[in-house]
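Chain residues, written in single-letter form:
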Amino acid sequence: MPQIVQSLAEISADYDTLLCDLWGCLHNGKTPFPDAVAALQGFRAKGGTVALLTNAPRPNRFVIEQLDRLGVPRDAWDLVVSSGDAAQIAMLEGAVGRRVHHIGPEKDDGFFTALPTDLPGALTITRVPLDEAEGIVCTGPFDELNEVPEDYRARFLYAKTKGLKLLCANPDIVVDMGETRIYCAGALAKLYDEMGGTSLYYGKPYAPIYELTRARLAASGRDSDPAGMLAVGDGFFTDVQGGTGEGIDTLFVTGGLEAARFGADVENPDPAKLEDWLASQPFSPTYSIGRLR
């Protein structure tokens, strides 16, 4: 049973760097959570580094623009690393070929247009119809508010028959946008795998996003030792699993995606319900908290 804490400040002295999730932890896609913002500001004020680690399928510049629009102050974080960053690098290195079919909304077009300029040997990528593609890049459903993974079964059957690999730019299955739960690219990639296709993943909980984060921390002169890191997030099978797999302590925010499991008070998870649920899981967080504060 992980220790349930009431605030980040209770444990923050033991860590130099936070790897903090965004959706469900720092904001809900529409508004920031003031207590979470204050917790990150407090951690930085004591000399800590905050790396915002997100499975957003867009390059980090677009994530930063969204944070600015939402009103998340810049003094709450030091750097942003996205699943889109790690997936972009893989695409430009040829993970799914040069001619790719994009599955995703228009808002993700920056994945193909805002490309890194410091990647030696980067390929030229062309977006094409599915019947001309060497591979697929999936950043989410075309219509995330209305579509479900099953809407893609026929498309995926054709892609599997052609032997196309699918690069998943966001391993999340679902995310809460305000009060609405929507499917992400990870849900589509999961269906493709279940149908016998091959999906490639680059965000949490997979290693590439952590490797990229450590490299960017080191390049900016900040501590990149996993022993001094704490991974924070509400995604049990992304944030907690990913941190655990990298040898990083974890703080599970129970009041996010899994809130309904742990009692009516999302600020204070029921210890018995939390213990029972964690007993059925293959790993456990170091700490738990209702909401980041």
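Bear in mind that the values here come from a model prediction, so they are computed numbers and not experimental data.

Q: Where do I start with the sheet that holds strand S6 (residues 126-127) in this structure?
A: Each strand in a sheet pairs with its neighbour through backbone hydrogen bonds, running either in the same direction (parallel) or in the opposite one (antiparallel). Read across the sheet, five strands follow the order S6-S5-S7-S8-S11 without closing on themselves; strand pairing throughout is parallel. Looking at the sheet topology across the chains shown, the edges are occupied by S6 and strand S11 (198-201). Sheet analysis places strand S7 (residues 135-138) next to strand S8 (residues 165-168), joined by four bridges and oriented parallel. Directly across from Cys-138, in S8, lies its bridge partner Cys-168. Together, strand S5 (99-103), S7, S8 and S11 form the strand contacts of helix H6 (residues 185-194), whose direction differs from that of S11 by roughly 145°.

Q: Even after reading the chapter, I still don't get a nonpolar patch on the surface, so can you show me in this structure?
A: Taken together, the side chains of Val-148, Ile-173 and Tyr-183 define a hydrophobic patch exposed on the protein surface, amounting to about 220 Å² of accessible area. Note on placement: Val-148 falls in the loop between S7 and helix H5 (153-162). Looking at Val-148, the relative accessible area reads 35%, which means it is partly exposed.

Q: What is the right way to read unusual backbone geometry from this model?
A: Trans is the prevailing form of peptide bonds, just as negative phi is the prevailing case for residues other than glycine. A cis geometry characterises the amide bond from Lys-204 onward to Pro-205, with omega recorded as 10°. Secondary-structure assignment places Pro-205 in the loop between S11 and helix H7 (207-219).

Q: Whenever I open this one, the pairing of strand S2 (residues 17-20) confuses me. Can you help?
A: Covered by surrounding structure in S2 are Thr-17 and Leu-19 together with Leu-18 and Cys-20, the residues of both alternating faces. Where S2 meets strand S3 (residues 49-54), four bridges bridge the pair, whose relative direction is parallel. Its bridge partner lying in S3, Thr-17 is registered against Thr-49. As paired elements, S2 and strand S12 (residues 229-233) share four bridges and run parallel to each other.

Q: How do you make sense of the pairing of strand S13 (residues 249-253) when you look at a structure like this?
A: Moving residue by residue along a regular strand, the side chains alternate between the two faces of the sheet. For S13, the buried fraction is high: four of the five residues fall into the buried class. As paired elements, S13 and strand S14 (residues 287-289) share three bridges and run parallel to each other. The residue of S14 that forms the bridge with Val-253 is Ile-289.

Conventions we followed
- Residue numbering note: each chain is counted from 1, following its sequence as written.
- With pLDDT at 70 or above as the cut-off, local features in this predicted model cover only qualifying residues; side-chain atom pairs require 80 or more to be listed or tallied, and sums for whole chains, interfaces and linings still use all residues.
- The side-chain values count all of the structure's non-hydrogen atoms but skip hydrogen atoms and water molecules.
- Between any two strands, pairing holds if DSSP finds at least two bridges.
- Numbering of helices and strands runs from the N terminus, with a helix taken as a DSSP run of H or I at least four residues long and a strand as a DSSP run of E at least two residues long.
- Between two residues, a contact is recorded if the distance between any of their heavy atoms is within 4.5 Å.
- Interaxial angle, 0 to 180 degrees, is taken between N-to-C directions of lines fitted to C-alpha atoms, where a helix line uses only the stretch in contact.
- Each patch is built from salt-bridge-free residues with over 30% relative accessible area, joining like charges within 9 Å and nonpolar side chains (Val, Leu, Ile, Met, Phe, Trp, Tyr) within 5 Å.
- To be clear on the numbers: accessible area is Shrake-Rupley with a 1.4 Å probe, and residue cover counts the displayed protein chains and nothing else.
- Whenever Lys or Arg places a side-chain nitrogen within 4 Å of a carboxyl oxygen from Asp or Glu, that contact is recorded as a salt bridge.
- For every residue, the accessible area (1.4 Å probe, protein chains only) is compared with the maximum for its type, and the residue is labelled buried under 20%, exposed over 50%, or partly exposed between those bounds.

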